[in-house]
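As a plain string of letters, each chain reads:
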Amino acid sequence: MKEIKYEAALAELQSIVNKMENNELDIDQMSDQLKRAQELIKLCKDKLTKTDEEIKKILAEK
Amino acid sequence: MNEKRLTLYELNSLVREVLECEMPDEYWVEAELSECRESRGHCYMELIQKDETTATPIAKASARCWASKWMIVRPYFERTTGQQLHAGMKVLLKVYAQFHEAYGFSWIVTDIDPTYTLGDMARKRQEIIRQLKEEGVFDLQKELRLPMFCQHIAVISSETAAGYGDFCNQLADNPYGFQFQTQLYPAIMQGEEVEQSIINALERIYHYQSSNINSPFDAVVIIRGGGATSDMSGFDTLALAENVANFPLPIITGIGHDRDESILDMVSHTRVKTPTAAAVLLIDHLKEVLDAINDAQERITHQAHQKISTLHLQLSAFSEAIPRLFSIVRTRQEARLETLYQRILSRIQQKTITAQAENHHLEQRLVTALQRRLISESHRMEMLEEKVRALDPTLLLKRGYSITLFKGKAVHDPKALQQGDEIETRLEKGTIKSIIK
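Not measured: the values here are computed from a predicted model. (Residues numbered from 1 in each chain as written. Chains lettered and ligands numbered in written order. Predicted model: local features only at pLDDT ≥ 70, side-chain atom pairs only at ≥ 80, totals over all residues.)

A.B. asks: Which parts of the structure should I look at to understand the overall build of chain B?
C.D. replies: Looking only at helices and strands, chain B has nine helices and 14 strands in total. Looking at chain B as a whole, 23% of its 437 residues are labelled buried. Taking the intrachain contacts of chain B between residues at least 6 apart in sequence as the baseline, contacts between residues at least 24 apart amount to 65%. (Helix = DSSP H or I, 4+ residues; strand = E, 2+ residues; numbered from the N terminus. Buried ≥ 20, exposed ≤ 12 C-beta atoms within 10 Å, placed from the backbone. Contact = placed C-beta atoms within 7 Å.)

A.B. asks: What is the right way to look at the overall build of chain A in this model?
C.D. replies: The helix and strand tally for chain A stands at two helices and zero strands. The proportion of buried residues among the 62 residues of chain A is 15%.

A.B. asks: So what exactly am I meant to see when it comes to the interface of chain A and chain B here?
C.D. replies: It is common to give the size of an interface as the accessible area lost on bringing the parts into contact. Each partner contributes residues to the interface: chain A has 19 residues there, and chain B has 17 residues. Going through the elements one at a time, α1 (6–21) and α2 (27–61) of chain A are the ones with two or more residues in the side of chain A that touches chain B. No other element matches α2 of chain A, which puts 13 residues into the side of chain A that touches chain B. Classifying every residue of the side of chain A that touches chain B by side-chain character gives 13 nonpolar, two polar and four charged. (Nonpolar A, V, L, I, M, F, W, Y, C, P; charged D, E, K, R; others polar.)

A.B. asks: Could you clarify how one ought to interpret the sheet that holds strand β4 (residues 90–100) of chain B in this entry?
C.D. replies: What links the strands of a sheet is backbone hydrogen bonding, and the strands pair in either a parallel or an antiparallel sense. Residues and elements named next belong to chain B. Read around the barrel, five strands follow the order β1-β2-β3-β5-β4 and close on themselves; strand pairing throughout is mixed. Taking each pair of neighbouring strands and ignoring which way they run, the sheet shows an average axis angle of 50°. The pairing of strand β1 (residues 27–39) with strand β2 (residues 42–50) spans seven bridges and is classified as antiparallel. The partner of Cys36 across the bridge, within β2, is Met45. Against the sheet, helix α2 (residues 67–81) touches β2, β3 (57–65) and β5 (104–112), its axis set at about 45° to β5. (Pairing = 2+ DSSP bridges. Axes fitted to C-alpha atoms, helices over the stretch in contact; angles between N-to-C directions.)

A.B. asks: Looking at this model, I keep getting lost on the sheet that holds strand β9 (residues 251–254) of chain B. Mind explaining?
C.D. replies: Residues and elements named next belong to chain B. Read across the open sheet, the five strands follow the order β7-β6-β8-β9-β10; overall the sheet is parallel. At either end of the open sheet lies a strand with only one pairing partner, and these are β7 (181–186) and β10 (270–271). In this structure, strand β8 (residues 219–223) lies alongside β9, joined through four bridges in parallel fashion. Bridge pairing links Val221 to Ile252 in β9. The sheet strands contacting helix α4 (residues 162–172) are β6 (152–157), β7 and β8, and the helix crosses β6 at an angle near 165°.

A.B. asks: I'm lost on the packing of α1 of chain A against helix α8 (residues 275–391) of chain B in this one. Help?
C.D. replies: Each packed pair of helices is defined by two parameters, the angle between the axes and the distance between the axes. Orientation of α1 of chain A relative to α8 of chain B, taken along the N-to-C sense of each, is 30°, at an axis distance of 9 Å. Considered as vectors, α1 of chain A and α8 of chain B are oriented roughly parallel to each other. The two elements α1 of chain A and α8 of chain B meet at a crossing, and its hand is left-handed. Within the contact between the two elements, α1 of chain A uses Leu13, Gln14, Ile16, Val17, Met20 and Glu21 of chain A and α8 of chain B uses Leu340, Arg343, Ile344 and Arg347 of chain B. When grouped by side-chain class, the residues that make up the contact of α1 of chain A with α8 of chain B number six nonpolar, one polar and three charged. (Parallel < 35°, antiparallel > 145°, perpendicular 65-115°, else oblique. Left-handed = near helix turned anticlockwise from the far one by under 90°.)

A.B. asks: Which parts of the structure should I look at to understand the pairing of β2 of chain B?
C.D. replies: Within a regular strand, the side chains alternate between the two sheet faces. Taken together, β1 of chain B and the strand that follows it, β2 of chain B, pair antiparallel across an intervening segment of two residues, in which Arg40 of chain B is found at a positive phi of about 45°. Between β2 of chain B and β3 of chain B, which pair antiparallel in sequence order, lie six residues; one of them, Ala55 of chain B, sits at a positive phi of approximately 65°.

A.B. asks: Please clarify how α1 of chain A should be interpreted in this entry.
C.D. replies: The periodicity of an α-helix, 3.6 residues per turn, causes residues three or four places apart in sequence to face the same way. Residue and element names in this part refer to chain A. Between its first and last C-alpha, α1 extends 22 Å over 16 residues, near the 22 Å set by a 1.5 Å rise per residue. Taken residue by residue, α1 has Leu10, Leu13, Ile16, Val17 and Met20 as its buried positions. Within α1, the buried residues cover an arc of 115° as seen down the axis, which keeps them to one side. Opposite the packed face of α1, turned more than 90 degrees from it, sit the exposed residues Glu7, Ala8, Ser15 and Asn18. (Expected span 1.5 Å × (residues − 1). Arc of directions from axis to C-beta.)

A.B. asks: Please clarify how the environment of Thr276 of chain B should be interpreted in this entry.
C.D. replies: Topologically, Thr276 of chain B is positioned in helix α8. Residues Thr276 of chain B and Cys168 of chain B lie 108 residues apart in sequence; the distance between their C-alpha atoms is 8.5 Å.

A.B. asks: When you look at the pairing of β1 of chain B in this model, what are you seeing that I'm missing?
C.D. replies: In this sheet, β4 of chain B lies alongside β1 of chain B in antiparallel orientation, the contact comprising six bridges. Paired with Glu30 of chain B across the strands is Leu92 of chain B, a residue of β4 of chain B.

A.B. asks: Looking at this structure, how should I read α4 of chain B?
C.D. replies: All names here are of chain B. Looking only at α4, the buried set comprises Gly163, Tyr164, Asp166, Phe167 and Leu171. Looking straight down α4, one finds its buried side chains confined to an arc of 160°; they lie on one side. Among the exposed residues of α4, those pointing more than 90 degrees away from its buried face are Ala162 and Ala172. Residues of α4 that are buried sit in contact with β6, β7, β8 and α8.

A.B. asks: Where do I start with the packing of helix α3 (residues 114–135) of chain B against helix α6 (residues 238–245) of chain B in this structure?
C.D. replies: Residue and element names in this part refer to chain B. Direction vectors running N to C along α3 and α6 enclose 35°, while the axes themselves pass 10 Å from each other. Considering only the axes of α3 and α6, their crossing is right-handed. Residue-level inspection shows Ile128, Gln131 and Leu132 of α3 in contact with α6, the latter providing Leu238, Ala241, Glu242 and Ala245. Broken down by class, the residue content of the contact of α3 with α6 amounts to five nonpolar, one polar and one charged.

A.B. asks: What's the story with the nonpolar core in this structure? I'm lost.
C.D. replies: A general feature of soluble globular proteins is that nonpolar side chains tend to end up buried together. All names here are of chain B. Core analysis: the largest hydrophobic core is formed by 46 residues, its most contacted members being Val155, Val220, Val221, Ala241, Val267 and Ala278. What Val221 contacts, discounting residues up to four positions off in sequence, is Ile153, Val155, Ile252, Gly254 and Ala278. Judged by nonpolar contacts, the second largest core, of 16 residues, contains Ala31, Met45, Cys65 and Val91. (Core = buried A, V, L, I, M, F, W, Y, C linked by C-beta atoms within 7 Å.)

Set out below in structure tokens:
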């Protein structure tokens, strides 16, 4: 997956939720979209973890 | 002209006799000295009285003090007034009249009251002070400030005076290693010429100051010391006081005397007693500046250290706060992600349930429909079975009917058969094979 910014990932995730809640997806798309949603969530969480670690590392350097 | 002629000597003798008879007493007389000189131990004076308003002489006389008296009177007078008898001085003299045939009239001084002169000097001083104050110059020097780095000093002194040497040595040997630059402006510091001599020196300093803008003097020091006498009258003149008061540089006096301040001292920026004290003052002043600089340096360093440590503290507080703040952000973001995920899951679940329900419903309908269909079909089958059963040939065979078959098929029309065809006749209990004839 190419590098996606946190906010973009979150926006995409939000749009998936919106589509689901507005019944815009049929059953066949569901699993694909769920898979995509999980990827996005993992990406976001990884980014959060990475940022946290980076902050700690940067602060420890000084 | 038969009148008796007298020789000059006879006539003068006559005058002397008259005077000696008629004025045998001693008198106290107030007068101003217009001249005063010593010769062979005697003191010769010229007395004068001026009209108070026009200042023109209205009385004049010679006076003398014989050495026998003078050697007693003079030290007392000088000790009391701090001054020698000099022209312009007001004196109170005890005199008797003397007329000498050869030398003429003269008042013979037997005593001098120094307190009268002192009073007169004080009055004159007061007059000068009043005039200086009226001119608004009395405190001018006090308004000047010694420069912080007061190191380039113009010195007015007698070149040979011990006090000048003391001053220079004191400056050079200061314990802090301060460098002073001095320039001597020689002046006469005793007697009649003091006033003009010091004024000339000040003018030379002023001239130097205006033509050396890059290395000007910081202050002027007027010193005097080592002289035997303490004749201060030269330092109490209006012209000198005016010159000093109006001088643009601070002037420090160290003209060493025990009596009251001279007017020069009063109008100067600072007065000290001795040349050495003047040097000490300059050294102390520079030391104060050095102390102030050191103090400022210490305070700046202290302040800077304090500031830096405060900033350090602030920074560490920030450093500690950042991960905490970020963890809040992170928690919030994770919660948000979780919510979104839950919404997705719940929608999927819902959708699945709906779909399953639909399937189930359809399945039910299908089952029902199938069952119904099965039932109806089985009915039909039964009816057909009934029919089939009714049509079963075995029943006919049992009743005695038979079936003729040709090539496995029932023969309904004899015309379909030809001679030689083998036919088969089925009976209830067996088959007969025949050939057509």
